[in-house]
Amino acid sequence: MSGRFRFAARMHMKHLSIRGRLTLWYTANLAATLLVLAGVAYFLLMRGLWHDVDSTLQSVAKAVAQSVQMQAGGSAPSDMDELLHRFFGPSFAGRFYQFLDPRGQVDPHLPQLRNAPLAISPTALKNAREGYATFETVPGPGEFPVRILTFPIVAAGRMANALQVGLSLEGLYHARKNFFWALATLIPLALVLAGGGGWLLARRALRPVDQMTQAARRIGAERLAERLEGAATDDELGRLARTLNEMLARIEAGFAQVRRFSADASHELRTPLTVMKGEIEVALRSARDPVEYQRVLASALEEVERMARLVDELLLLSRADAGALHWERQPVELDHLVEEMAKQGEVLGRARDVAVRIQHLEPLIVEGDGHRLKQLLLNLVDNAVKYTPSGGHVALSLRQATGQPGTQSNRQIAELPNGPPAGWAEIAVQDSGVGISAEALPRIFERFFRADDARSREVGGAGLGLCIAKTIAEAHGGTIEVQSAPGAGSRFAVVLPLAG
């Protein structure tokens, strides 16, 4: 049953609000604290009351015994009533005293308090004969028990009498009862007040959370520019608001990128489709000779190939974003790869009167996907040739980088498949082209971004080449950086970890 009860209690706690749980835990902790304090107070109170009773009995017994011993013949003192009044008070109700002889019988020669005689226990009589006092609690003639002190009166080295002094514990029991009534009244009242106060404080403290919840419900796909309030405060809720605002900023940027991506992708696909549709419609209006049909088909094939390249590039980026793009890991000789790209660059540059040459070459090997690395370099070389005016030049270089690249984080290095690299290889593609403006430089690796949209469409491309190059470089544990200025050309540097 206890296990079932605990399970039910946990389930009930799960349905409570944070405000309710805070109030419940606070009240439970306060109740436990009050119970502990009540237990300590009860212990101290009872110990003090028992000590007072025993001290009173001992003081009376000593005073009476001393007075009896001072009287000749062991008779009762003349000031016995005054002595008892001083210790017992004006009323003897609930108080007892009697003198016993060495046999434990009531001594008729000494005065007794007019009450029923109290029996002496064998232990108390034995202790008195040996000169020791004994405290006992025995049932009284009334409702409450009696605390008795048996005190020996010694004369000539032996016990002449045993004095028994008793007090009813009615006062102690009433004090204990009043204490319990006070606890039974004050503890629930304190818990109610504390629980109500805790509820109000929790409600006030969690009010910003409710406001954040309502604001978050209002924020939708069309209102991502809104932000939560309370981020200026330097507490837990302020940090939560700032974190949520940062998340909203990232979501807003992601939505904007998706919208821009969709718009640019649809625009890039619409252009070749429009061209194909127009040429086919013109060709179908009237009969054409075979040469004209071949021209239309060749133009349509060119547009289809352009769309196929665009779809392949989009698919590559989509897989990379989803982490589903698999790379082959094998040794790749970068010097041979750079020589091959230089030859292809010469073919591309010959049509635009742009010279492509190798400036520096070192035999370096990296672990990676040779096909993807070739795609990376081809995108950079093709981009350099396209944006270099006639008569310009493009230079390729491969050298071992000195030191660690500044943008390479320790976490990226630790996550390399073969551990920390033996070094770094730098592949640079430098041109004497038109350069890139400072405003466009931070965005050139974004998808579908073109620094000069009109000129970019003239030279072809969808604005995905640099984004793909950056994705491939980072997938190989490397980086890609650019240095450029308008009219001074551009230098793209790919830094890759060398194989161990």
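Here is what the cut-offs are and how they apply
Residues numbered from 1 in each chain as written. Predicted model: local features only at pLDDT ≥ 70, side-chain atom pairs only at ≥ 80, totals over all residues. Heavy atoms only, no water. Helix = DSSP H or I, 4+ residues; strand = E, 2+ residues; numbered from the N terminus. Buried < 20%, exposed > 50% of the residue type's maximum accessible area, 1.4 Å probe, protein only. Contact = heavy atoms within 4.5 Å. Areas by Shrake-Rupley, 256 points an atom, 1.4 Å probe, with all protein chains shown as cover. Pairing = 2+ DSSP bridges. Axes fitted to C-alpha atoms, helices over the stretch in contact; angles between N-to-C directions. Left-handed = near helix turned anticlockwise from the far one by under 90°. Nonpolar A, V, L, I, M, F, W, Y, C, P; charged D, E, K, R; others polar. Salt bridge = Lys/Arg side-chain N within 4 Å of Asp/Glu carboxyl O. Phe/Tyr/Trp six-rings, centres within 6.5 Å; stacked < 30°, edge-to-face > 60°. Polar contact = N/O pair within 3.5 Å; in protein donor to acceptor, adjacent residues only side chain to side chain. pLDDT = per-residue confidence, 0-100. Expected span 1.5 Å × (residues − 1). Patch = residues over 30% accessible without salt bridge, like charges linked within 9 Å, V, L, I, M, F, W, Y side chains within 5 Å.

Chemist: Would you mind going over the overall build of the protein chain in detail, with residue names and values included?
Modeler: Within the protein chain one finds 13 helices and 11 strands. Each of the 500 residues in the protein chain was classed as buried or not, and the buried ones make up 36%. Partitioning the contacts of the protein chain with sequence separation of at least 6, the portion at a separation of at least 24 is 67%. Approximately 29,600 Å² of the protein chain is accessible, and the part contributed by carbon and sulfur atoms is 57%.

Chemist: Report on the pairing of strand β7 (residues 365–368), specifying residues and quantitative values.
Modeler: Burial along β7 is one-sided: V366 and G368 are buried, while I365 and E367, pointing the other way, are not. Bridging between strand β5 (residues 330–333) and β7 involves four bridges; their strand directions are antiparallel. In the strand pairing of β7, P331 is matched with E367.

Chemist: Summarise unusual backbone geometry; cite the residues concerned and give the values.
Modeler: Phi is positive for D353, close to 60°, though the residue is something other than glycine. The residue D353 is located in the loop between α9 (334–350) and β6 (355–360) in this model. In this structure D353 comes out as partly exposed when scored by relative accessible area, which is 49%.

Chemist: Give a detailed account of the sheet that holds strand β9 (residues 424–431), specifying residues and quantitative values.
Modeler: Strand order across the open sheet formed by five strands is β6-β8-β9-β11-β10, with mixed pairing between neighbours. A single partner strand is all that each edge strand has here, and the edge strands are β6 and β10 (479–484). Pairs of neighbouring strands in the sheet enclose a mean axial angle of 15°, with direction left out of account. In this structure, β9 lies alongside strand β11 (residues 490–497), joined through seven bridges in antiparallel fashion. In the strand pairing of β11, Q430 is matched with R491.

Chemist: Describe the packing of helix α10 (residues 370–386) against helix α13 (residues 465–475), and please don't skip the residues or the numbers.
Modeler: With their axes 9 Å apart at the nearest point, α10 and α13 run at an angle of 145° to one another. Considering the relative orientation of α10 and α13, their crossing is left-handed. In this structure, α10 contributes R372, L373, Q375, L376, N379, L380 and N383 to the contact, and α13 contributes G465, L466, I468, A469, I472 and A473. Looking at the contact of α10 with α13 residue by residue, the classes come out as eight nonpolar, four polar and one charged.

Chemist: How would you explain the pattern of salt bridges if you had to name every residue and give the values?
Modeler: A pair can form between side chains of opposite charge whenever their charged atoms are brought close. Applying the stated criterion across every chain, the model contains seven salt bridges. A salt bridge links E292 to R295; the nearest nitrogen and oxygen atoms lie 2.8 Å apart. On the criterion of helical spacing, the pair formed by E292 and R295 is a turn pair, its members being three residues apart in helix α8 (residues 290–322). The partner of E474 in a salt bridge is K470, and the shortest N-O contact between them spans 2.6 Å. Of this pair, E474 and K470 both sit in helix α13, separated by four residues, roughly a single helical turn. Of the residues examined, E474 reaches a relative accessible area of 41% and is grouped as partly exposed.

Chemist: For the packing of aromatic side chains, give the residues involved together with the corresponding values.
Modeler: If you walk through the whole model with that rule in mind, you get five aromatic pairs. Consider the rings of Y42 and F180, whose centres lie 5.2 Å apart with planes at 20°: the pair is stacked. Of this pair, Y42 sits in helix α2 (residues 18–70) while F180 is found in helix α5 (residues 170–205), placing the two residues 138 residues apart along the sequence. On the accessibility criterion, F180 (41% relative accessible area) is partly exposed.

Chemist: Can you break down the packing of α9 against α10 residue by residue, with the values?
Modeler: Viewed as axis vectors pointing N to C, α9 and α10 meet at an angle of 35°, and their least axial separation amounts to 10 Å. Crossing geometry of α9 relative to α10 is assigned as right-handed. Only G370, L373, K374, L377, L378, V381, D382 and V385 of α10 make contact with α9, whose side of the interface consists of L337, V338, E340, M341, Q344, G345, L348 and G349.

Chemist: Just give me the short version of the environment of T388, but keep the residues and values in it.
Modeler: Tracing the backbone shows T388 in the loop between α10 and β8 (393–401). Using a relative accessible area of 1% as the deciding quantity, one classes T388 as buried. Remark: the alpha-carbon pair of T388 and G435, spanning 47 residues in sequence, is separated by 8.7 Å. Dropping the residues within four chain positions of it, T388 is found in contact with V354, H393, V394, D431, S432 and G433. Separated by 2.5 Å, the side chain of T388 and the backbone oxygen of A384 make a polar contact.

Chemist: Run through the confidence of the model for the protein chain, naming residues and quoting values.
Modeler: Per-residue pLDDT for the protein chain averages 77, and the proportion of residues at 70 or more is 77%. Note that residues 454–458 has pLDDT below 50 and, in this model, seven contacts with residues that lie over four places away or in other chains.

Chemist: So, α10: which residues are in play, and what are the values?
Modeler: An α-helix turns once per 3.6 residues; consequently, residues spaced three or four apart project the same way. Relative to the 24 Å expected for 17 residues at 1.5 Å per residue, α10 spans 24 Å between its end C-alpha atoms, a close match to the ideal helical length. Burial within α10 is extensive, with 12 of its 17 residues counted as buried. Buried within α10 are the following residues: G370, R372, L373, Q375, L376, L377, N379, L380, V381, A384, V385 and K386. Sitting at the head of α10, D369 places a side-chain oxygen 3.0 Å from the backbone nitrogen of H371.

Chemist: Break down a nonpolar patch on the surface for me, citing the residues and quoting the values.
Modeler: A surface patch of nonpolar side chains, about 390 Å² in accessible area, is lined by V36, V40, F43 and L44. Considering the arrangement of structural elements, one finds V36 in helix α2. Since its relative accessible area comes to 55%, V36 is described here as exposed.

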